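A structural walkthrough
Chain residues, written in single-letter form:
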Amino acid sequence: MPETLETKKNGGFLGAIERVGNKLPHPVLLFVYFCAAVILLSFLGALLGWSAVHPVDGTVYKVFNLLSKEGIAKMFTQFSANIKSFSALIDQFVIMLGLSVLEGTGLASTFLRKYFIKMPKKALTLAVTFIAVASSCASDAGFMILPPLVAMLFMATGRNPIAGIIAAYGSVAAGFCSSPIISIVEAVGFGNTQTCAQIIDPDIILPVTGNYFFTLACSVVLPLVSFFVTLRIVEPRLGKYEPTEEVLATTGERPEVTEAENKGLKAAGIALLIYIVVIALMTFPKNAILRSATDGSILSGPFMSSILLIISGAFFVAGVAYGFKAQVVHNHKDVIKIMTNGFSTLAGYILVAIFAGQLSQYFSWTNLGIISAINGANWLQSIGVPTFVLFVFLMVFTCLLNLLMPSHAAKLAFMGPVLVPLFMMLGVSPNATYLAYRIGDSVSNAITPMMAYFVLILSYAQKYKKDIGMGTLIANLLPYSLFYFVAYLVLFAIFYFCGIPLGPGAGWAYVIG
């Protein structure tokens, strides 16, 4: 059976983006070119004396020349360390320990065919988008877990699996930080924002619920946006998918669940329940192992720090139990073989990660990011426009910077000490500044090839269509970014002009002194 992935509507704006994007070089070369560009910019910036002065502590930041004697030595000596610093690669290794077993034993496919295959198309799409938007409560886990699972789900229900990958990734990425559940994202984000705010007001305390009312509204609205984009734009563009025999063999798709598979599902359920009980006993009692040793918190304790391992462990335990009971595996050698096959799919991603790690560190060493942030903030302050327009500028500025540096915490670390005090001096609450930053940080996550997980979803998509390019992904992810930005902006305007608190006791204004 021939493999086809029709692009029915490849004209217009999105079609042009797709065609241009598909002409881009391989992601490995793309990152090599970006590294070269940063190196040349560092030389040019040092030559021309690019710099910025921190408006709070007076620190002068200058461009570090990577073509200097010290810079060249640093690129050589830190090459291995730069790979280790690319945390997304290590995180993917951790999640693959369980995900390889979940998928390789056939548990994921069997579960989806049994419980979701008869679900109405619209209901299924809504369920996927709600889960994807809420997944930031588990930090970055949604980026790695949902796209391959939703692809299998769409495949099992006769839909285009690549549309499933795009719907899941677009919703997770553009909707990041919009979970209805307070998570480590808020703990880290508000912690950093509070530190920045204390530059102006040493006694200020920012609760992690400072944006909760807004993110709660987003967790309802954004899935509906994804629902519309998926059904009305993405799936019609991608068209009908007809898998090859190779794809069918790899994904293990069968229409009906067998008796052995049903027994495997029961065994997996029992094993998973036992696993959950064990983890709960290690987490919820007072002074439990996975609570913080200092304040007993779950959010700041080992539980959240090891959430990927915990999720991966759940996949592994359920997958192994299913495999033995369904007679897919017979001994430990079979399990290890399945895991090895799963890890083999990461080969291309590992190669890209080697150069992505270099780029991330080069950008940090050169100070190009913080110089851009400081000068951009100074420009925002100088243009003398209404506060709401400043918020929009901050969103757009963060969105554009995120295309080059898609790290929520890293950008906040060097933008926060500049922007938070600056907006406080303008009478704006740190809660509102952080919210505007979060919006800009989220919307462009879906479309930047610099995102650590972008190459990963490309590899997932190539499992179903080997020659799919970055242009196809970017063109179909762009509507999520654009529609999400509009939705965020409308909600932001409603909250701002109606004076609706951003969270419990969290208003918009800050009174100096």
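Positions within a chain are numbered from 1, following the residues in the order the chain's sequence is written. At least 70 in pLDDT is required for a residue's local features to be given in this predicted model, at least 80 for side-chain atom pairs to be given and counted, and no such filter applies to totals for whole chains, interfaces and linings, which use all residues. Values reported for side chains reflect all heavy atoms of the structure, with hydrogen atoms and water molecules removed beforehand.

Let us look at helix H8 (residues 141-156). The way it works is that DSSP assigns letters per residue, a run of H or I at least four long becomes a helix, a run of E at least two long becomes a strand, and they are numbered from the N terminus. Any helix carries an expected span of 1.5 Å times its number of residues minus one. Compared with an ideal rise of 1.5 Å per residue, which puts 16 residues at 22 Å, H8 spans 23 Å between its outermost C-alpha atoms and is within 8% of the ideal. Under the scheme applied here, a residue whose accessible area is under 20% of the maximum for its type counts as buried, over 50% as exposed, and between as partly exposed, the area being computed with a 1.4 Å probe on protein chains only. Where burial is concerned, most of H8 is hidden: 16 out of the 16 residues are buried. After H8 finishes, the residue glycine 158 shows a positive phi value of roughly 80 degrees.

Throughout, nonpolar core names a set of buried Ala, Val, Leu, Ile, Met, Phe, Trp, Tyr and Cys residues whose side chains join them through atoms within 4.5 Å. In this structure, Tyr169, Phe214, Phe391, Leu473, Leu477 and Phe492 are the most contacted members of the largest nonpolar core, which totals 151 residues. Here this core gets 14 residues from one element, more than from any other, and that element is helix H23 (residues 470-498). Contact partners of phenylalanine 214, with chain neighbours within four places excluded, come to Leu435, Ile439, Tyr488, Leu491, Phe492, Phe495 and Leu502. One finds Val101, Val329, Val335 and Ile338 within the second-largest nonpolar core, a separate group that totals 6 residues. Here, residues are in contact when the closest pair of their heavy atoms is within 4.5 Å.

With that settled, consider the packing of helix H9 (residues 161-174) against H23. Geometrically, a packed helix pair is captured by the angle between its two axes and the distance between the axes. Helix axes are fitted only over the stretch in contact, all axes being lines through C-alpha atoms; the angle between N-to-C directions runs from 0 to 180 degrees. Where H9 meets H23, the axes come as close as 10 Å, and the angle between the chain directions of the two elements is 40 degrees. Considered as vectors, H9 and H23 are oriented oblique to each other. In the packing of H9 onto H23, the handedness of the crossing is right-handed. Side by side, H9 and H23 meet where Ile166, Ala167, Tyr169, Gly170, Ser171 and Ala174 of the first sit next to Leu473, Asn476, Leu477, Tyr480, Tyr484 and Tyr488 of the second. Residues of the contact of H9 with H23, tallied by class, amount to 9 nonpolar, 3 polar and no charged. Just so you know how the angles are binned, under 35 degrees is roughly parallel, over 145 roughly antiparallel, 65 to 115 roughly perpendicular, and the rest oblique. Left-handed describes a crossing whose near helix is turned anticlockwise from the far helix through less than a right angle; right-handed describes the clockwise counterpart. The residue classification treats Ala, Val, Leu, Ile, Met, Phe, Trp, Tyr, Cys and Pro as nonpolar and Asp, Glu, Lys and Arg as charged. All others, Gly included, are polar.

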